[in-house]
Amino acid sequence: SYIIVFFLNVCHEATKELEDPENTAEKVGVAALIVQDFKGPLMADYEFDWDRVLQSQGDTGVYLQYTHARLCSLQRQCDNGTKIQFNPTYLQDPQAIAVLQHLLRYDEVLYQVSEDLQPRHLVNYLIMLSRLASIAHRTLHIKGSLPEIATARLLLFEGISSVLANGMKLLGITPVDKM
């Protein structure tokens, strides 16, 4: 319907390499609707705005899907199959520490959601995780880094991707690996 047509238009260039662009567009559209509905308290009214729901930046399901797809792309590009032993001391950058601290809150957020049955806590957590991932992606380079640092950073991004995917699944969103 409207959402699928919109996303096919938005992702026109990217759809050339997607195996099933309609399916991807549907998953992204559903994510946009679920995140919009779950961002605030369940019993609160809000003004629905298609333009806001379908933005690729900001607090939207599209942004969550885009972040996940971008992290999956990074993993495909950088994972050469050889793993050097992980050493967390290579994650001392402020951006890495911010991500790690946020990741540590995941179980607390899930507990809070289960206690008051408000998925907005998880939505807000995932949106913040996506923001932190974006900052980390811009500053914590993998290519050109020493192998030990590159491995630690790649594993950090894999952790972000895993938590993002699991959180979206808990909300009823199917994560996309390509967009």
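Structure report, in brief. (Residues numbered from 1 in each chain as written. Predicted model: local features only at pLDDT ≥ 70, side-chain atom pairs only at ≥ 80, totals over all residues. Heavy atoms only, no water.)

Focus on helix α2 (residues 21–38)
- The first and last C-alpha atoms of α2 sit 26 Å apart over 18 residues, in line with the 26 Å expected at 1.5 Å per residue.
- Along α2, the residues that are buried comprise Pro21, Thr24, Ala25, Val28, Gly29, Ala31, Ala32, Ile34, Val35 and Gln36. (Helix = DSSP H or I, 4+ residues; strand = E, 2+ residues; numbered from the N terminus. Expected span 1.5 Å × (residues − 1). Buried < 20%, exposed > 50% of the residue type's maximum accessible area, 1.4 Å probe, protein only.)

Re the pattern of salt bridges
- Evaluation of the coordinates by the stated rule reveals three salt bridges.
- Between Arg131 and Asp59 there is a salt bridge; the shortest N-O distance is 2.4 Å. You can see Arg131 sitting in helix α7 (residues 120–139) and its partner Asp59 sitting in the loop between α3 (50–53) and α4 (61–78), a full 72 residues away along the chain.
- A relative accessible area of 34% means that Arg131 is categorised as partly exposed. (Salt bridge = Lys/Arg side-chain N within 4 Å of Asp/Glu carboxyl O.)

Description of the side chain of His68
- Inspection of the secondary structure assignment puts His68 in helix α4.
- In this structure His68 comes out as buried when scored by relative accessible area, which is 4%.
- Looking at His68, its side chain comes within polar contact range of the main-chain oxygen of Val176, at 2.8 Å.
- Every residue in contact with His68, bar those within four places of it in the chain, is listed here: Ser161, Leu164, Ala165, Met168, Pro175, Val176 and Asp177. (Polar contact = N/O pair within 3.5 Å; in protein donor to acceptor, adjacent residues only side chain to side chain. Contact = heavy atoms within 4.5 Å.)

Some details on empty space enclosed by the protein
- In the structure shown here, the tally under the stated rule is two cavities of 30 Å³ or more.
- Its boundaries defined by the atoms lining it, the largest cavity holds a volume of some 50 Å³.
- In terms of lining residues, the largest cavity is bounded by Tyr66, Thr67, Arg70, Leu71, Ala133, Ser134 and His137.
- Contributing elements (two or more residues each) for the lining of the largest cavity: α4 and α7.
- At four residues, α4 tops the list of elements feeding residues into the lining of the largest cavity.
- In terms of residue class, the lining of the largest cavity is built from three nonpolar, three polar and one charged. (1 Å grid on protein atoms, 1.4 Å probe; cavity = no way out; pocket = protein on both sides within 12 Å on 5 of 7 lines; lining within 4 Å. Points joined across faces, edges and corners; volume = space filled by probe spheres on them. Nonpolar A, V, L, I, M, F, W, Y, C, P; charged D, E, K, R; others polar.)

Section: helix α6 (residues 106–116)
- Considered for burial, the residues of α6 that qualify are Tyr106, Val109 and Val113. Take α6 and look down its axis: the buried residues cluster within an arc of 65°, on one side only. When the buried face of α6 is taken as reference, the exposed residues oriented beyond 90 degrees from it are Asp107, Tyr111 and Glu115.
- Positive phi shows up at Leu117, right after α6, with a value of about 55°. (Arc of directions from axis to C-beta.)

Remarks on the nonpolar core
- In terms of nonpolar packing, the biggest core is built from 36 residues, with Leu103, Leu122, Tyr125, Leu126, Leu156, Phe157 and Ile160 touching the most fellow members.
- Only α2, α4, α5 (94–103), α6, α7 and α8 (147–170) provide two or more residues apiece to this core.
- When residues no more than four places from it in sequence are discounted, the contact partners of Tyr125 are His102, Leu103, Arg105, Tyr106, Val109 and Val163. (Core = buried A, V, L, I, M, F, W, Y, C linked by side-chain atoms within 4.5 Å.)

Thoughts on the environment of Pro94
- For Pro94, the location among the structural elements is in helix α5.
- Along the sequence, Pro94 and Leu140 sit 46 residues apart, while their C-alpha atoms lie 9.9 Å from each other.

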